[in-house]
Amino acid sequence: MLKKRIIPCLDIKDGRTVKGVNFINLQEAGNPVELAKKYADDGADELVLLDITASIEKRNTMLEVIRNVAREINIPFTVGGGIYSIETARDAIQAGADKVSVNSAAVKNPQLITDIAREFGSQCVVLAIDANWENDKWLVYINGGKVPTSIEVLTWAKQAEKLGAGEILLTSMNHDGTKNGFSLELTQKMCEQLNIPVIASGGAGNETHFADLFTKTQASAGLAASIFHFGEVSIPTLKNYLKTFNIPIR
C-alpha cells in the first residue's frame, strides 16, 4: 500500500502566509520561507504554496518566494496561483517547484492541462478543485473561490484525468477553515472514480480528522493549513498518532 502523505499548505498573499475560514476573513500566519523550512524539518512529506490572489489580480506567480523556499527545503513542493500557460509553469519549475497546480486557468482553458503534461509530464500537473455544495450538487468555483461555475466537480475531475492531470487537490469550500473534519463522502466518491491520487483539503481540525480521512477514504494525502501554522497540531505528533491506527505513513 502506498504511504499516506501529510501536506501543509501555505496560502500566500503579498508575500506573507495567510489563512481564512470558508475562503474569507484572512489573517496573517507568518513568513512563507520560514514556515516551509520548519515543516520540512518537522517531517512534512510535501508542501503546497498557493498564491491566492494571482488569478484575481491577473498576474504571474511569486517566483522570488519559490526560489527562496527551494533553497531552504529538500522535500517536493507544488506551486499554484498565476499558472496559466506553459511559460508560467516553466518559470515556476525553473524557480524550484516540483509540480504546478492549475485551477481557474484550466477551467477556462482545459487544453492547458494537456499542454503542461506534455511538456513536463503528468506527475508535474496538479488540478486544484475548489468545490462548493449548493442546490444538492458539488460545483466548481474559480478565482480563489469567488466565482461559481455550473461545472460539476466529479465530471471535471474525470475530464482533467483524461487530459493529463497527475493528481487532484480537492478542497471543500464548505469545510475550509471550519476544523470540523474533511469532506469524507466527496473525497471517497472522487477516489472511487479516478485512477490518480487525490489530496483532500479543507476542514482538518485535529489528529482524528486525518485518521478518519485515511481509514474511511482512499485519499492519498491530507492537506491542512491553520492547525499547523498556529501550532495546534505538530507534524511529528500527527504522524505518531496515525501510526497507532496502522496507517502507512512516510
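Remember, it's a predicted structure, so these values are computed and weren't measured experimentally.

Rules of the game
Residues numbered from 1 in each chain as written. Predicted model: local features only at pLDDT ≥ 70, side-chain atom pairs only at ≥ 80, totals over all residues. Heavy atoms only, no water. Helix = DSSP H or I, 4+ residues; strand = E, 2+ residues; numbered from the N terminus. Rg over C-alpha atoms; globule rule 2.2 N^0.38 Å. Buried < 20%, exposed > 50% of the residue type's maximum accessible area, 1.4 Å probe, protein only. Areas by Shrake-Rupley, 256 points an atom, 1.4 Å probe, with all protein chains shown as cover. Lys, Arg positive; Asp, Glu negative; His and termini not counted. Charge placed at Lys NZ, Arg CZ, Asp CG, Glu CD. Pairing = 2+ DSSP bridges. Contact = heavy atoms within 4.5 Å. Salt bridge = Lys/Arg side-chain N within 4 Å of Asp/Glu carboxyl O. Axes fitted to C-alpha atoms, helices over the stretch in contact; angles between N-to-C directions. Left-handed = near helix turned anticlockwise from the far one by under 90°. Nonpolar A, V, L, I, M, F, W, Y, C, P; charged D, E, K, R; others polar.

*Asks:* What am I meant to see in the overall build of the protein here?
*Replies:* Helices and strands together make up the secondary structure of the protein, namely 10 helices and 12 strands. Here the protein has a C-alpha radius of gyration of 16 Å; the compact-globule value for 250 residues is 18 Å, and the two agree. With 250 residues in all, the protein has 58% of them scored as buried. Accessible surface computed for the protein: about 10700 Å², of which carbon and sulfur atoms make up 47%. Here the protein holds 26 positive side-chain charges and 29 negative ones, and the gap between their average locations is 2 Å.

*Asks:* I'm lost on the pairing of strand 10 (residues 167-172) in this one. Help?
*Replies:* Within a regular beta strand, the side chains point alternately toward one face of the sheet and then the other, so they alternate between its two faces. Among the 6 residues that make up strand 10, 6 are buried, leaving the element largely enclosed by the rest of the structure. Alternating positions in strand 10 separate into two faces, Glu167, Leu169 and Thr171 on one and Ile168, Leu170 and Ser172 on the other, with burial throughout. Two strands pair when backbone bridges link them, and strand 7 (residues 125-134) and strand 10 are joined in this way by 6 bridges, in the parallel orientation. Across the sheet, Ala131 pairs through a bridge with Ser172, a residue of strand 10. Both strand 10 and strand 11 (residues 198-201) contribute to a ladder of 4 bridges, which runs parallel. Note on strand 11: the bridge partner recorded for Leu169 is Ile199.

*Asks:* Can you walk me through the environment of Pro110 in this structure?
*Replies:* When you line up the elements, Pro110 lands in the loop between helix 4 (104-108) and helix 5 (111-120). Spatially, the C-alpha atom of Pro110 lies 37 Å from that of Asp42, the residues being 68 residues apart in sequence. Aside from chain neighbours lying at most four places away, what touches Pro110 is Trp156, Gln159 and Leu163.

*Asks:* Mind showing me how you'd approach the pattern of salt bridges here?
*Replies:* Here the idea is simple: oppositely charged side chains can pair when their charged atoms come close. Applying the stated rule across the entire model yields 12 salt bridges. Look at the salt bridges and you will find they share partners, linking Arg5, Glu46, Lys99 and Glu167 into a network.

*Asks:* What am I meant to see in the packing of helix 7 (residues 184-193) against helix 8 (residues 207-216) here?
*Replies:* When two helices pack together, their arrangement is captured by the angle between the axes and the distance separating the axes. Where helix 7 meets helix 8, the axes come as close as 10 Å, and the angle between the chain directions of the two elements is 35 degrees. Considering the relative orientation of helix 7 and helix 8, their crossing is right-handed. In contact with Leu184, Thr187 and Gln188 of helix 7, helix 8 contributes Asp212, Leu213 and Lys216. Taken together, the residues of the contact of helix 7 with helix 8 sort by class into 2 nonpolar, 2 polar and 2 charged.

*Asks:* I keep staring at the side chain of Ser183 and nothing clicks. Help me out?
*Replies:* Looking at the element boundaries, Ser183 is found in the loop between strand 10 and helix 7. Given the relative accessible area of 9%, Ser183 is considered buried. When neighbours within four sequence positions are excluded, Ser183 is seen to be in contact with Trp138, Ser172, His175 and Gly202.

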